[in-house]
Amino acid sequence: MLTSILSLIQAAVVFGTVIMLGCIGEILSEKSGSLNLGVPGIMYIGAIAALVGVFFYEGAAENPSPFLCVLIALGCGFGAAFAAGLLFSFLTITLRANQNVTGLTLTIFGSGVANFFGGSLNKLAGGVGQISVSVTSDAFRTKIPELSDIPIVGPLLFQYGFMVYFAVIAAILLQFFLSKTYIGLNLRAVGESPEAADAAGIHVIRYKYLATCIGAGITGLGGVYYVMDYIKGTWANDGSIEKLGWLAVALVIFTTWKPKNSIWGAYVFGLLYWAYYYIPGLTRSSQEIFKMLPYIVTIIVLVAVSFRNKKENLGPAHLGSSYFREER
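Residues numbered from 1 in each chain as written. Predicted model: local features only at pLDDT ≥ 70, side-chain atom pairs only at ≥ 80, totals over all residues. Heavy atoms only, no water.

> When you look at the overall build of the protein in this model, what are you seeing that I'm missing?
Helices and strands together make up the secondary structure of the protein, namely 14 helices and zero strands. Taken from the N to the C terminus, the helices and strands of the protein come in the order α-α-α-α-α-α-α-α-α-α-α-α-α-α. Once the C-alpha set of the protein is aligned to its principal axes, its extents read approximately 55 × 45 × 40 Å. Split into buried and exposed, the 328 residues of the protein put 50% on the buried side. Taking all contacts inside the protein whose residues are at least 6 apart in sequence as the whole, residues at least 24 apart take part in 77%. Accessible surface, the protein: about 15300 Å² in total, of which carbon and sulfur atoms supply 67%. Side-chain charges of the protein comprise 20 positive and 17 negative groups, with the mean position of each set lying 7 Å from the other. (Helix = DSSP H or I, 4+ residues; strand = E, 2+ residues; numbered from the N terminus. Buried < 20%, exposed > 50% of the residue type's maximum accessible area, 1.4 Å probe, protein only. Contact = heavy atoms within 4.5 Å. Areas by Shrake-Rupley, 256 points an atom, 1.4 Å probe, with all protein chains shown as cover. Lys, Arg positive; Asp, Glu negative; His and termini not counted. Charge placed at Lys NZ, Arg CZ, Asp CG, Glu CD.)

> Explanation requested: the packing of helix α3 (residues 66-94) against helix α4 (residues 99-125) in the structure shown.
Two numbers describe a pair of packed helices, the interaxial angle and the distance between the axes. Closest axis-to-axis distance for the α3/α4 pair is 10 Å, and the angle between their directions is 150°. In terms of axis orientation, α3 runs roughly antiparallel to α4. Of the two elements, α3 crosses α4, and the hand of that crossing is right-handed. Each of A84, F88, L91 and T92 in α3 lies in contact with α4, whose residues at this interface are Q99, T102, G103 and L106. (Axes fitted to C-alpha atoms, helices over the stretch in contact; angles between N-to-C directions. Parallel < 35°, antiparallel > 145°, perpendicular 65-115°, else oblique. Left-handed = near helix turned anticlockwise from the far one by under 90°.)

> In this structure, what is going on with the nonpolar core? I would like to understand it.
Counting 76 residues, the largest nonpolar core has I19, L51, F140, V224, M228 and W235 as its most contacted members. Counting residues per element, this core draws most heavily on helix α1 (residues 2-31), which supplies eleven residues. Residues in contact with V224, not counting those within four places in the same chain, are G46, A47, A50, A73, L74, G77 and F140. By size, the runner-up hydrophobic cluster in this structure holds seven residues, among which are A81, A84, F88 and L106. (Core = buried A, V, L, I, M, F, W, Y, C linked by side-chain atoms within 4.5 Å.)

> How should the packing of aromatic side chains be read in this particular structure?
Ring pairs (aromatic) are described by centroid distance and by the angle formed between their planes. Within this structure, the stated rule accounts for twelve aromatic pairs. An angle of 65° between the planes, with centres 5.2 Å apart, marks the rings of F254 and F269 as edge-to-face. Within this pair, whereas F254 is found in helix α11 (residues 240-254), its partner F269 is found in helix α12 (residues 261-274), the two being separated by 15 residues in sequence. Across the pair, exposure class does not vary: F254 and F269 are buried alike. Feature note: the residues F15, Y226, Y230, Y273 and W274 constitute an aromatic cluster, connected by ring pairs. (Phe/Tyr/Trp six-rings, centres within 6.5 Å; stacked < 30°, edge-to-face > 60°.)

> In this structure, what is going on with the pattern of salt bridges? I would like to understand it.
Pairs can form between side chains of opposite charge whenever their charged atoms are close. Under the defined criterion, the tally for this structure stands at one salt bridge. Measuring nitrogen to oxygen at the nearest pair gives 3.0 Å for the salt bridge that ties D138 to R141. With D138 and R141 both in helix α5 (residues 134-141) and three residues apart, the pair spans about one turn of that helix. On the basis of relative accessibility, which here comes to 29%, the residue R141 falls in the partly exposed class. (Salt bridge = Lys/Arg side-chain N within 4 Å of Asp/Glu carboxyl O.)

> Would you take a moment to explain unusual backbone geometry for this structure?
Of note, the phi angle at K232 is positive, near 60°, even though the residue is not glycine. Examined against the element boundaries, K232 turns out to sit in the loop between α10 (204-230) and α11. The phi dihedral of T256 is positive, around 50°, even though this residue is not glycine. You can call T256 buried: its relative accessible area is 9%.

> Is there a simple way to explain α11 in this structure?
In an α-helix there are 3.6 residues to a turn, and that puts residues three or four apart on one side. With 15 residues, α11 should cover 21 Å at 1.5 Å per step; its first-to-last C-alpha distance of 21 Å lies within 8% of that length. Counted residue by residue, α11 has eleven buried out of 15 residues, so it is predominantly covered. Of all the positions in α11, only S240, I241, L244, G245, L247, A248, V249, A250, L251, V252 and F254 are classed as buried. (Expected span 1.5 Å × (residues − 1).)

> Please explain the side chain of S137 as it appears in this structure.
In this structure, S137 sits in helix α5. Each residue touching S137, except ones within four places of it in the same chain, is listed here: M228, K232 and G233.

Right under this line is the structure:
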């Protein structure tokens, strides 16, 4: 029984880390007023960029350095996702294209590009499942020495790669940044009322661009973690990244746009998503119902927040709307 509970918690933490990174990246973007529904596509782009980068490095190097492998994966993943965020920003902030349509288009584009290069990479490696970036994957999945062997506490807290702890720290730092720093408060002002922020001397366009692009980069790290840790350094053309990307978008609503809530919220999503696997006697239909639980809980939270109608639980007032200075 204890083993099953620990296994469920471990599965929830690993699963939750993917969507937590996507969630905090999207929160940063939305706090500036940019509604980026391209989260799944950006996660795809970050994942494939990291995989391609380390695949060629490990293939070319006689003795690949684990540290350099990790740097290449994170750099390629963040950089490619940042570029995707820059494209989204140019279309929606500069050209003032519809944010919903642009985000959905980015999701379709990102999944298509990633699966194209993923298929090509599979062919180069000799077939599906033959991609080998074991050095990088092992580096991402390395546990904390000695601490992971502590009974009960070790398997509960120290059985994960460094990205799990990075995600938690990033969520805490983003919460502090948005609520306690001068720049963070300016960013929130841009999302609430860009006209008032502009009148106060805040460079609205710059804040929007930086928040959206950096947010996209963090979201892309969710894709990197998925490829390097969650599926152990390979490529799966099964649409899983897209599902996780939409869960990350749902988690933004679930957490009421508060990064600190994404920590426990992501793990709750993971527990709800994987609970069916640890309940004996379920039919396939029952399993599919259990997989719906994270989405059902999100809808319930959304309805509850709407009834309470507290400003601190709502998204930025200018979320999803374009800003044109001359229209003030």
